[in-house]
Every structure is written in C-alpha cells, then in structure tokens.
Amino acid sequence: MNLVTPDFGLIFWTSIVFIILLLILKKFAWKPIIDNVDARNTKIKNALMSAEEAEKKMISLHAKNDEIIKKTLLERDNLIKEAKEISNKIISDAKNEGNKKKEQIIKNANEKIKNDEAALKADFNNQVGMLSIEISKKILSKELTDENTHQDLIADMIKNMKMQ
Amino acid sequence: MKHLTNFIILCFFLITSNLSAESSKSSEKSFVDIIMHHIGDSHELHFFNYTDKNNVNHSFSIPLPIILFNNNKFDIFMSSEFNHNDDGSEVVNINNKKFSKFHETIYQLNYGEKKLLFNENHEVINASKPLDLSITKNVFSMFISLLLLLLIFVSSGFKAKKENITIPNGFLSFTEPLVVFVKDNIAIPNIGVKNHKKFLPYLLTVFFFIFINNLLGLIPSGANLTGNIAVTLTLSFFTLFITNISGNKNYWKHIFMPSVPLVLYPIMVPIEIIGVITKPFALMIRLFANITAGHIIILSLISLIFIFKSIFIAPISVGFVLFMNILELLVALLQAYIFTLLSALFIGQAVAEHH
C-alpha cells in the first residue's frame, strides 16, 4: 500500500458511504434545515415590513390624533365663548325684562293708586254731598227748635260722618 | 520571553545533538517506515504494543473483517487470522486458499506454494493480488464518520422540521450556522443564486464529510482518512463528474471552441481538455498533501524523542505537537472549506451563463 497509490477497496467504500450520505442528508438534513432558514428569513422580512407599515400608520394616526385634539380644543373654546355669550345675553335679557316688568308694575300701581284716589275723592265728594243734603234736611226739619238744638244736631251729624 | 524560549530550545538541541550523533542511518529508515505505516491504511485497529512478564510482545488491537473478491467468490475472514503479521511470513488457509499479508497488501498464494517468495527488489513472485474490499482502518473510521454525520445532521434536520421557524436550539444551533455559511459564503457567491440550490446538497455533504473526517484523523490512533489519496481521488472525482454533467453550452464552447484564432486551436483545445482534469486533480492532491503533511509533522516530532534517545527532547516535542495539533484543528476546517469552495467555483464556471 503505497502512499500515492489509490487503493481500490477504499475508493469503493468511499463512493458507497459518500453516496449514502448524500442521499440521506439531502432528504433528511439539508432540505429541512435550509427550508427552515428560508421560512424564517421570509418571516423576518415580513415582520420587518409590517413593523415599518405599522410605524407609518402610527405616525399618521398620531398626526390625526393631534388634529383631532386641536379641533376639539378649538371647538371647546368656541363652545365656551358661545356659552358665555348666551349667558350674557340671557342675563341682559332677564335684566331688561325685569326692568320692563318693574316699570309696568310701578306704572300699573301708580295708575291704580290714581284711580283709587279719584274714586275715593268722588265717593267722598258724593258722601259729603249726601251728608250735606241730609244734614240740611235734618236742619230744615228741626228749624223751629232752638239754636242749641241746631248746634247739637250739626255736631252729631259731623260725628256720625266721622264715624262713617 | 520569546528570547528565553528560544534559548531553552537551543540548549535542548545542543544537549541532544551529542546523543543524536550515535543514532545510525538505519534507525532513521525505520522511523520513516513507522511514520509511513501510521499514515497508511491497515487491516486492524492497532492501539499499542506491550511486553508481558515473559518478554513476549503483544499487540493491543481490534481485528477488522477482510473481504476479498476473486473469481466471482468472496473470501471473508477476520484480520486476527494474520496474527498481527505484516511481513508475509504468516500464511492463512481459508476456503482451501492460502493468503498472506505483506505491507498491508493481501496476497493469494499461487496453487501449491507454501510461503511468499520475493525477488531481490522485494517484489512478490509467487502470489496474485485479489480484489481487496476489506473493512480497513480507514473504512471503519469512515463508517464511524457516517454514523456521526447522520446522527448530527438528521437529528438537526428533524429538529428543523419539527420546530419550524423558531429560534434554533440544541444540535441545530451548532449545525445551522455552518449550513448557512456553506450556503451563503460558498455556494451562492460561486454558483449564483439561481443555480446554487441544485448543487448545495453535494457541497454541504462534501464539506461536512471532509471536516468530520479531518477531525477524526486528529484523534490519536485515528485513521488518516482524508490524507489517503484514494479518498481524495473519489471526492474530487465527484466534483469532476458533477462539473461536467452540469456543464452548459458556454462551458463546452469554452473548451472546444475557445475565442482564439483558429491557428491556436491545436494548442488551446488540448490545454482546455487537460484543464478539465487538472482542476479536480489539484483538489485531490491539495487535500491529500495537507492532511498527510500534518500527520507526518506530528509523527516526526514525536519520533524526535526516540531518534535523539533523550527524555529532554520530550517537552519540546510535546510542545510542538500540541501546537501542530491545534494548527491541524484549523487546517481541518480550512481544507474542508477550500475543497468545497473550489468545487463550488468549478461548478459555478460550468453553469455560468456568460463571462
């Protein structure tokens, strides 16, 4: 067995062992291992891509959110402003109305007072007139009696009138 | 520090050089024989020899089956029949045939002969060589590597199939990066993304076959399988075969109709045809020479102790052997890488679409 003389037995066995190895490993080792690596590669690629997409989406969402917040703030301010205006208006309206009513009431009261006064005056005048007539009647009926009686009668009458 | 080490080494050499003067030329010849025997193939798994109390030399070795094929008949027996004899003096009688082993070659004695006879050139004159398909030390080691490779990679294959897309663990976390390395750094750059899938199984198998067998060869008393020319011949033949089977139009055109003036064809075409053979031939020699050289260096360093017949040389020898062994670990991977890389390169040239 020389160092550089190939030995047929070894060539034979090497060929057999190598072909067996190649066939078995091809099916049961290289294919699953490489398939696994490839599958993982595509999965990672997809994951990266979807992550990028998600980031983009998030950024746009953020922008949208900011816009919404801005809008809401503006709306709030507007609402507050409006509410203030409305409340001011209501207050001023109420004030105006109150004033009007007050004036009306005062006016009415004044009128009534005037009317009552007038009525009272008229009534008084009437009564005074009636009384004067009555007194005169009584005086006339008792004319013949003395002066004193006159005086008494008049005083009595006045007294009565007063009481009325 | 470096100077100190150099100085110590020099001192050892000076001490031992006196001793070495005594050692004769003939003993050096025997060391060459021992080294050649160690890196060669053998019909038994030999571990060590020992001498018992009665001063009888015993060999501690495991016998391996010998399979001989001659005249359409198999003769199978264990190598222990030869009684560790390798000089042709032991004759074994099997199936009425006489066999003898000389320098790890098995001879079938011609009919009627009783002993191997040699001429003055140490050539056997009275025997024929049957076809030897024995499970030698190298074949045995190759079977172990076969089992190891199957165990490692089929289990990782099953794991890859089962775990599907998850993070690799166990064996797979060791094998997957290597597989991906061969795919991404050897197959794809040399063959191209389009064609590499077809050749990847071959490249992966050849890479791990060489790598594992290089490593097994480094184990003391292991076989020098990848440093055997028959093995590297077979492997490079596979590369030659695959390259030429898958060679496309451009490849053959480059060989038989190179783009040179017609006058140069008588020179160019033979050169190209020789080139087809020399590429895998270089592969064969490269792997064989690298691994064998590593083994020879380690064995020579160990032999120095016995050549100088001095225990003082042992620390240096052992130190250098340790260094060489570590270097050989690198070479084991490197040679597997180079063989695979060049195979991929040749295949890539054969399937390339255009230059």
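Residues numbered from 1 in each chain as written. Chains lettered and ligands numbered in written order. Predicted model: local features only at pLDDT ≥ 70, side-chain atom pairs only at ≥ 80, totals over all residues. Heavy atoms only, no water.

1. Overview of the overall build of chain B
Defined as follows: Strands are runs of DSSP state E lasting at least two residues, helices are runs of H or I lasting at least four, and both sets are numbered from the N terminus onward. Here's how the labels work: a residue is buried when its accessible area is under 20% of the maximum for its type, exposed when over 50%, partly exposed in between, all with a 1.4 Å probe on protein chains only. Contacts: residue pairs with any heavy atoms within 4.5 Å of one another. Surface accessibility follows the Shrake-Rupley procedure with a 1.4 Å probe radius. Residue values consider only the protein chains on display as shielding.
When its secondary structure is counted, chain B shows nine helices and nine strands. In terms of overall dimensions, chain B has C-alpha extents of about 70 × 65 × 60 Å along its principal axes. A total of 355 residues make up chain B; the buried ones form 45% of that total. Counting contacts in chain B only where the partners sit at least 6 residues apart, residues at least 24 apart contribute 55% of the total. Accessible surface, chain B as shown: approximately 19300 Å² in total, 68% of it carbon and sulfur.

2. Focus on the nonpolar core
Convention followed: By nonpolar core we mean a set of buried residues, namely Ala, Val, Leu, Ile, Met, Phe, Trp, Tyr and Cys, connected to one another through side-chain atoms within 4.5 Å.
Ranked by size, the top nonpolar core spans 59 residues in total, and within it Tyr202, Phe208, Phe209 and Leu235 of chain B carry the most contacts. Among the secondary structure elements, those contributing two or more residues to this core are helix H1 (8-141) of chain A together with helix H3 (137-163), helix H4 (171-191), helix H5 (196-218), helix H6 (229-245), helix H8 (265-308) and helix H9 (314-351) of chain B. Examining the composition of this core, we find that 13 residues originate from one element, H5 of chain B, more than from any other. Setting aside its immediate chain neighbours within four residues, Phe209 of chain B contacts Thr14, Val17, Phe18 and Leu21 of chain A together with Met142, Ser145, Leu149, Val231 and Leu235 of chain B.

3. A word on the pattern of salt bridges
Note that side chains of opposite charge can pair when their charged atoms are close. Spelled out, the test is: What makes a salt bridge here is a side-chain nitrogen of Lys or Arg within 4 Å of a carboxyl oxygen of Asp or Glu, nothing more.
According to the stated counting rule, one finds eight salt bridges over all chains in the structure shown. Ionic pairing is found between Arg40 of chain A and Glu176 of chain B, a salt bridge with its closest N-O pair at 2.8 Å. One end of the pair, Arg40 of chain A, is in helix H1; the other, Glu176 of chain B, is in helix H4, on a second chain. Assigned by exposure class, Arg40 of chain A and Glu176 of chain B land together as buried. In this structure, the salt-bridge partner of Asp75 of chain B is Lys97 of chain B, at a minimum N-O distance of 2.9 Å.

4. Side note on the layout of surface pockets
Rule in force here: Using a 1 Å grid laid over the protein atoms alone, points where a 1.4 Å probe fits but cannot get out form a cavity; open sets with protein on both sides within 12 Å along at least 5 of 7 lines form a pocket; any residue with an atom within 4 Å of a point counts as lining. Grid points are joined across faces, edges and corners, and a volume is the space filled by probe spheres set on the points. When residues are sorted by character, Ala, Val, Leu, Ile, Met, Phe, Trp, Tyr, Cys and Pro go into the nonpolar class, Asp, Glu, Lys and Arg into the charged class, and all the rest, Gly among them, into the polar class.
Looking at the second largest pocket, its volume works out to about 290 Å³. The wall of the second largest pocket is formed by 13 residues, among which Leu22 of chain A together with Lys198, Phe199, Tyr202 and Ile242 of chain B lie closest to the centre. Taken together, the elements giving at least two residues each to the lining of the second largest pocket come down to H1 of chain A together with H5 and H6 of chain B. Classifying every residue of the lining of the second largest pocket by side-chain character gives ten nonpolar, one polar and two charged.

5. Side note on the sheet that holds strand S8 (residues 127-128) of chain B
Inclusion rule: Two strands are counted as paired when DSSP detects at least two bridges linking them.
Reading across the sheet, the four strands line up as S5-S6-S7-S8 (chain B) and stay open at both edges, with antiparallel pairing between neighbours. Of all the strands in the sheet, just strand S5 (87-94) and S8 of chain B have a single pairing partner and so form its edges.

6. Overview of unusual backbone geometry
Residue and element names in this part refer to chain B. Despite not being glycine, Asn72 shows a phi value in the positive range, around 60 degrees. Position of Asn72 among the secondary structure elements: in the loop between strand S3 (65-70) and strand S4 (73-78). Residue classification places Asn72 among the exposed residues on the basis of a relative accessible area of 70%. Despite not being glycine, Ser221 has its phi angle at roughly 65 degrees, a positive value. Relative to the assigned elements, Ser221 resides in the loop between H5 and H6.

7. What to know about the side chain of Ser141 of chain B
Locating Ser141 of chain B in the fold gives a position in helix H3. Every residue in contact with Ser141 of chain B, bar those within four places of it in the chain, is listed here: Asn213, Leu216 and Ala223 of chain B.

8. Here's the deal with the interface of chain B and chain A
Quick note on the threshold: Note: buried area is the sum, over both parts, of the accessible area (probe 1.4 Å) each one loses when the two are combined. For this analysis, a polar contact is any N or O atom pair within 3.5 Å, provided that within protein one partner can donate a hydrogen and the other can accept it, and provided that sequence-adjacent residues contribute only side-chain to side-chain pairs.
At the interface, 57 residues of chain B touch 35 residues of chain A. Roughly 3900 Å² is buried in total at the junction of chain B and chain A, and carbon and sulfur atoms are behind 81% of that figure. The tally of links from chain B across to chain A stands at two salt bridges. Seen at the junction of chain B and chain A, the total is five residue pairs in polar contact (both at pLDDT 80 or more). Among the elements of the structure, helix H2 (25-39), strand S9 (131-132), H3, H4, H5, H6 and H8 of chain B are those that each provide at least two residues to the side of chain B that touches chain A. Per-element accounting of the side of chain B that touches chain A gives the leading share, 14 residues, to H3 of chain B.

9. A closer look at the pairing of strand S2 (residues 57-63) of chain B
In the case of a regular strand, side chains alternate between the two sheet surfaces. Residues and elements named next belong to chain B. With seven bridges joining them, strand S1 (residues 44-51) and S2 adopt antiparallel strand pairing. Pairing of Leu45 across the sheet is with Ile62, part of S2. As consecutive antiparallel partners, S1 and S2 are separated by five residues, and within that stretch Asn55 has a phi angle of approximately 60 degrees, a positive value.

10. Some words on empty space enclosed by the protein
Residues and elements named next belong to chain B. Summed over all chains, the structure comprises one cavity of 30 Å³ or more. In this model, the largest cavity occupies a volume close to 70 Å³. Residue lining of the largest cavity: Thr239, Leu240, Thr243, Asn244, Tyr251, Val276, Lys279, Pro280 and Phe346, and that is the complete set. For the lining of the largest cavity, the secondary structure elements donating two or more residues are H6 and H8. Here the residues of the lining of the largest cavity are counted per class, giving five nonpolar, three polar and one charged.

11. A word on the side chain of Asn248 of chain B
Residue and element names in this part refer to chain B. Among the structural elements, Asn248 can be located in the loop between H6 and helix H7 (249-256). On the accessibility criterion, Asn248 (18% relative accessible area) is buried. Side-chain polar atoms of Asn248 contact the backbone nitrogen of Asn250, separated by 3.2 Å. When neighbours within four sequence positions are excluded, Asn248 is seen to be in contact with Ala350, Val351, Ala352 and Glu353.

12. Thoughts on the confidence of the model for chain B
Low pLDDT marks regions whose predicted coordinates should not be analysed in detail. All names here are of chain B. Cut-off, in case you're wondering: Known as pLDDT, the predictor's per-residue confidence is scaled from 0 to 100.
Across chain B, pLDDT averages 86, with 90% of residues at or above 70. This stretch, residues 16-23, has a pLDDT under 50; its non-local contacts, to residues over four places away or in other chains, come to nine contacts. ipTM for the predicted complex: 0.87, alongside a pTM of 0.76.

13. A short note on the packing of H5 of chain B against H6 of chain B
Residues and elements named next belong to chain B. What counts, and what does not: Each axis is a line fitted through C-alpha atoms, and for a helix only the stretch in contact is used; angles between axes span 0 to 180 degrees, taken between their N-to-C directions. For classification purposes, angles smaller than 35 degrees are called roughly parallel, those larger than 145 roughly antiparallel, those between 65 and 115 roughly perpendicular, and all remaining angles oblique. Two helices that cross are described as forming a left-handed crossing if the nearer one is turned anticlockwise from the farther one by less than a right angle, and a right-handed crossing if clockwise.
Contact pair H5 / H6: the axes reach a minimum separation of 12 Å and the direction vectors enclose 170 degrees. By the angle between their directions, the pair H5 and H6 is classed as roughly antiparallel. In the crossing of H5 with H6, the sense of the turn from one axis to the other is left-handed. In contact with Phe199, Tyr202, Val206, Phe209 and Ile210 of H5, H6 contributes Val231, Leu235, Phe238, Thr239 and Ile242. A breakdown of the residues in the contact of H5 with H6 according to their chemical character gives nine nonpolar, one polar and no charged.

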